[in-house]
Amino acid sequence: MSENPAPTGQLTARGDWREQIFNRRMLICVFTGFTSGLPLYVLLQLLPAYLEDSGVSLKEIGLFALVGIPYTWKFAWAPFMDRWVPPLGRRRGWLLPLQVLLLLSIGMLGMFDAQRDIGVIAWVAFAAALFSASQDVAIDAYRREILPDAELGLGNSVHITAYRVAGFVPGALSLILADHLPWDAVFWITGGFMLAGIGMTLAVEEPESGVPVAGGLRQTVVAPFREYLERKGWRALLLVLCFMFLYKLGDNMATALSTPFYLQLGFTKSEIGLVAKNAAFWPMIIGGLAGGMLMIRLGINRALWLFGVVQLTSILGFALLAAAGPLLWLLAVVIGFEYLGVGLGTAAFTAFIARETSRAYAATQLALFTALAAVPRTFANASTGFIVESVGWFNFFLLCAVLALPGMLLLFWVAPWRESR
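Model, not experiment: these values are computed from the prediction.

**Some remarks on the overall build of the protein**
Point 1. Tallying secondary structure elements over the protein gives 23 helices and zero strands in all.
Point 2. For the protein, the C-alpha radius of gyration of 20 Å lies close to 22 Å, the compact-globule estimate for 421 residues.
Point 3. In terms of overall dimensions, the protein has C-alpha extents of about 55 × 45 × 40 Å along its principal axes.
Point 4. A total of 421 residues make up the protein; the buried ones form 59% of that total.
Point 5. Nonlocal contacts in the protein, meaning residues at least 24 apart in sequence, comprise 86% of its contacts between residues at least 6 apart.
Point 6. Summed over its atoms, the accessible surface of the protein is roughly 16400 Å², and 69% of this surface lies on carbon and sulfur atoms.
Point 7. The averaged location of the 27 negative side-chain charges in the protein is 9 Å from the averaged location of its 29 positive side-chain charges.

Structure, rendered in structure tokens:
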């Protein structure tokens, strides 16, 4: 069975729901999500834990968020990934070498002394972020091309669920291994999970899509942006860009230093790993898949409203944990609800981004939108260590909750409740 989509008109929200849920495209979304999420969670969870364990200061750990700059600039080289077709194909030809480079760069992170070679580690982490951001360009475009519009909600929910599952490798398994193995072995084992993505790239077919008409450098760069403006207009573009920056701002900041937060509260690495594995897995799976199926009935707009409220509430759980102290049962509740709420919000948000793009310029347009969404994770997160040291963990999480409100208010314009698309 080919992963190329049926014509959009053949699958509607009122069509055969079994065909929308049980097909090869959804299985592919499992692998795209896992492969996309693993490198990011290495940088967000495993690397900060390694630095904290090695005695690096919280301010320096917070500044490591700046290695994620490629996630915010990936739209700059995305037009060339749309335009140039390597031997294996327009998407697979880029994916395979990037995934091999990711395996190697993740493994190398643990080969250096964190006190003596902090600069080298920063550059290796930057390289991993560059390869990861470029992989996301190809993966997001590939997923947009194989999913009919009616399957965007569920397909992106499956992708996000697998994306979050990937976080259990660096955020749970690797932390447990770090109590028993040296850090260099832990990073190589973690990097080895990129073999799942390499296998997927070799197994799938290249999707059929509208390759942009050949042109010079200016045409390659300008055409994707001109297409969107002709379709939507300037006002819609500005509102959408503001929304994409703000909707995940509070959530991204609240989770930026989650692992150092748990460690400073007094939890051990094994406790964090075991609780994250057991308390987050089922809420994430149930929330992600249920959210996708709800989007079939609700539409993406209403899902953004409802899931956004749950996402906002999950931020307050961190504040409660900061006030209560190292209670293991409360840690389980907070992590479980965070994975449920953030998983739902991210699934709807990703489906919204995909809906805004065209298939012909999927790589460039998705890269622009997802890069803007990554700006808070990169630049705002870099300030989180300074904010925490100034106001404390409890006030920091309250601030994150307040910063989540502007993105919710923009839903009145970019995703009105009455337009249940």
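From this point on, the discussion continues.
**Digging into the packing of helix H6 (residues 92-108) against helix H7 (residues 118-146)**
Point 1. With their axes 9 Å apart at the nearest point, H6 and H7 run at an angle of 155 degrees to one another. The orientation of H6 with respect to H7, classified from their angle, is roughly antiparallel. Relative to H7, H6 is oriented so that their crossing is left-handed. Judged by residue contacts, Trp-94, Leu-95, Leu-98, Gln-99, Leu-101, Leu-102, Ser-105 and Met-108 of H6 engage Val-124, Ala-128, Phe-131, Ser-132, Ser-134, Gln-135, Ala-138 and Ile-139 from H7.
Point 2. In terms of residue class, the contact of H6 with H7 is made up of eleven nonpolar, five polar and no charged.

**Let's talk about the nonpolar core**
Note on soluble globular proteins: their nonpolar side chains tend to be buried together.
Point 1. Among the nonpolar cores identified, the biggest contains 130 residues, and Leu-47, Phe-243, Tyr-262, Leu-304 and Leu-411 are the most heavily contacted of them.
Point 2. Examining the composition of this core, we find that 14 residues originate from one element, helix H2 (residues 24-53), more than from any other.
Point 3. With residues up to four places along the chain from it excluded, the contact list for Tyr-262 reads Phe-267, Ile-272, Phe-318, Leu-321, Leu-331 and Ile-335.

**Notes on the pattern of salt bridges**
Between side chains of opposite charge, a pair can form when the charged atoms approach closely.
Point 1. A full pass over the atoms with the stated rule returns 13 salt bridges.
Point 2. We note a salt bridge from Arg-143 to Asp-140, for which the minimum N-O separation is 3.2 Å. With Arg-143 and Asp-140 both in helix H7, this residue pair falls three residues apart, about one helical turn. Per residue, the accessibility class of Arg-143 equals that of Asp-140, and both read buried.
Point 3. Among the charged side chains, a salt-bridge network with shared partners connects Asp-82, Arg-90, Arg-91 and Glu-145.

**A closer look at the packing of aromatic side chains**
Each pair of aromatic rings is reported with the distance of its centres and the angle of its planes.
Point 1. Using the criterion set out here, one finds 22 aromatic pairs in the structure.
Point 2. A connected cluster of aromatic rings, assembled from ring pairs, spans Phe-261, Tyr-262, Phe-318, Trp-393, Phe-396 and Phe-397.

Calculation criteria
- Residues numbered from 1 in each chain as written.
- Predicted model: local features only at pLDDT ≥ 70, side-chain atom pairs only at ≥ 80, totals over all residues.
- Heavy atoms only, no water.
- Helix = DSSP H or I, 4+ residues; strand = E, 2+ residues; numbered from the N terminus.
- Rg over C-alpha atoms; globule rule 2.2 N^0.38 Å.
- Buried < 20%, exposed > 50% of the residue type's maximum accessible area, 1.4 Å probe, protein only.
- Contact = heavy atoms within 4.5 Å.
- Areas by Shrake-Rupley, 256 points an atom, 1.4 Å probe, with all protein chains shown as cover.
- Lys, Arg positive; Asp, Glu negative; His and termini not counted.
- Charge placed at Lys NZ, Arg CZ, Asp CG, Glu CD.
- Axes fitted to C-alpha atoms, helices over the stretch in contact; angles between N-to-C directions.
- Parallel < 35°, antiparallel > 145°, perpendicular 65-115°, else oblique.
- Left-handed = near helix turned anticlockwise from the far one by under 90°.
- Nonpolar A, V, L, I, M, F, W, Y, C, P; charged D, E, K, R; others polar.
- Core = buried A, V, L, I, M, F, W, Y, C linked by side-chain atoms within 4.5 Å.
- Salt bridge = Lys/Arg side-chain N within 4 Å of Asp/Glu carboxyl O.
- Phe/Tyr/Trp six-rings, centres within 6.5 Å; stacked < 30°, edge-to-face > 60°.

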